[in-house]
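Chain by chain, the residues:
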Amino acid sequence: VLTVTAKDLMNPANYRHGVPHELLSRLRDEGAVHWTDPVLMRDEDRPVGFWSVMRHAEVQRANRDWETFSAADGPVIPPPPPERRVTTIVSSDPPAHTRLRRLINAGFTPRMIAKLDDLIVRRVDRILDDAAQAATCDLIRDIVYPLPMHVISDIVGIPESDRQWVFEQTETLIRCSDPDSGVSRREVEAALFDYAMELTAHKRRHPTDDTWTLIAQATFTGEDGTSSQLEGWELEMFFMILALAGSETTQNALSQGVIALLGHPDQLEELRLRSEFLGTAVDEVIRWASPVLYFARTATRDVELGDQRIDAGDRVVLWYASANRDERAFDEPFRFDIRRHPNAHVAFGGGGPHFCLGANLARKEIATMLSALSRRFDVELTGEPEWAGAGPLSNVGVSIERLPARLVPIA
Ligand code: HEM
């Protein structure tokens, strides 16, 4: 008898202590694809019914078939109301998507990429030097949180003095999808959008070699031959996506990675002694954490997936966190193994045009931090992880917010 239903996936209470893997596993065992009757997810939205794709093969298939599974309604489960529909890199299909994607790619200039390795190493050293000064620290606030924030800000071109504020806002934005948070989403969005517009005006007046200068100045040639610039909403959403996509995800992977390694001291020691496992270790950490819970799509035609008949117009949710623990795709998926190879995880998406643009950047940040942290310190956890997040109301789901620790330098 099935005692859990896909509806349980929608209950934020099931995410208070991390991703509810037991629930995902039971649904995955029952079938590849499940239907949930319409539920009201947020007061501001209409009730929405949706399909949940739980298994690796079906997630990959749907992810790659962008013509059948459109991203135009955005990545969270409730589609935006018509007046808030915008075309962004995550909520568009080719050819509009191709143009936006090329634009960000162009922002990652060869000069920027060349500087990146050095920049990440220096950031990691600075963060660890600072943390080493204190007798105790919070692993999340002091070590995991600052790295992706500074790296993405360096790339995008957010001035040092503004970073703390910008990232407090993006963090609040994720948290306030939680109905219990008491924060107004609109207010935070408005403040960030104002900031993005100011930054755009500034970059247009004082261009440099960062991504935001390129995005602010880029001109497109439309299908009718006219040229235009990204404006208003589009530009603001772009900014938010860059600030959100690059930080919370990488933080999530790093914090869960540190905990997994501390729980497997033999593997931590192996990583310390043998750097050749760093590459596979990083992908295992990313599979293990699956920092993006799911991305949603809309079917553009009637289609069969995992023995279910999906109708044109239905919402379809690709559960990456479930696919990454699918025993049909991974040998002993609940075993953390830094030597795992091959490791065809779908943490960066299951392939197709939206595959994570920052995958290699994220890998580099995680590798540099895990390697330096394990070489320089013995980490002792001095408290329990504190989880927070909106669960299924956001793509990131849940992250660890606080984790008290002591860093003991290795002589
Ligand atoms: C471990 C860290 C990360 C994880 C797990 C992750 C995961 C994902 C996932 C699942 C998607 C959607 C894939 C799809 O729809 O098929 C995505 C898209 C994206 N990611 Fe990441 N990401 C990470 C880090 C980053 C970083 C550091 C950046 C910084 C540039 C970034 C930028 C993006 C962008 C711009 C997209 C949208 C791409 C598109 O729609 O074409 N991500 N990411």
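The structure under discussion appears in the preceding block.
Residues numbered from 1 in each chain as written. Predicted model: local features only at pLDDT ≥ 70, side-chain atom pairs only at ≥ 80, totals over all residues. Heavy atoms only, no water.

Undergrad: I tried to follow the site of the ligand on my own but got confused; where do I start?
TA: Within the structure, the ligand sits among 27 residues, and H97, R101, R297, H354 and C356 are positioned closest to it. Take N63: an N or O atom from its side chain is 3.0 Å from an oxygen atom of the ligand. Put simply, the parts of the chain that give the shell around the ligand at least two residues each are α3 (96-107), α10 (232-263), β7 (294-299) and α14 (359-376). Of all the elements, α10 adds the most residues to the shell around the ligand, at 4 residues. (Near = heavy atom within 4 Å. Polar contact = N/O pair within 3.5 Å; in protein donor to acceptor, adjacent residues only side chain to side chain. Helix = DSSP H or I, 4+ residues; strand = E, 2+ residues; numbered from the N terminus.)

Undergrad: In this structure, what is going on with the nonpolar core? I would like to understand it.
TA: Most often, soluble globular proteins have nonpolar side chains that are buried together. Within the largest apolar cluster, 50 residues are counted, with the highest numbers of intra-cluster contacts made by L128, L139, I143, I366, M369 and L407. Take this core: its biggest share by element is 9 residues, from α14. (Core = buried A, V, L, I, M, F, W, Y, C linked by side-chain atoms within 4.5 Å. Buried < 20%, exposed > 50% of the residue type's maximum accessible area, 1.4 Å probe, protein only.)

Undergrad: What is the right way to look at the sheet that holds β7 in this model?
TA: Adjacent strands of a sheet form backbone hydrogen bonds with each other and so pair up, either parallel or antiparallel. Read from one edge to the other, the open sheet built from 5 strands follows the order β1-β2-β10-β7-β3, with strand pairing classed as mixed. Since the sheet does not close on itself, it has two edges, and those belong to β1 (33-39) and β3 (69-70), each with one partner. Bridge count between β1 and strand β2 (residues 48-53): 5 bridges; the pairing is antiparallel. When the bridges of β2 are listed, H34 appears paired with S52. Set on the sheet, helix α2 (residues 56-64) makes contact with β2, β3, β7 and β10 (315-319); between it and β10 the angle comes to about 125 degrees. (Pairing = 2+ DSSP bridges. Contact = heavy atoms within 4.5 Å. Axes fitted to C-alpha atoms, helices over the stretch in contact; angles between N-to-C directions.)

Undergrad: Explain the environment of N324 to me, please; I cannot follow it from the model alone.
TA: Within the secondary structure, N324 is located in the loop between α13 (320-323) and α14. Under the relative-accessibility criterion, N324 is labelled buried at 0%. Taking the C-alpha atoms as reference, N324 lies 7.2 Å from S290; in sequence the two are 34 residues apart. Among all residues touching N324, those that are not within four sequence positions of it are R287, S290, F330, P333, H345, V346 and A347.

Undergrad: Looking at this structure, I do not really get the pairing of β2. What am I missing?
TA: A regular strand places its side chains on the two faces of the sheet in alternate fashion. Along β2, 6 of the 6 residues are buried, which leaves the element largely enclosed by surrounding structure. Taking every second residue as pointing to the same face, both faces of β2 are buried, with V48, F50 and S52 on one and G49, W51 and V53 on the other. Pairing analysis gives 4 bridges linking β2 to β10, with the strands arranged parallel. Across the sheet, residue V53 finds its bridge partner in β10, namely L318.

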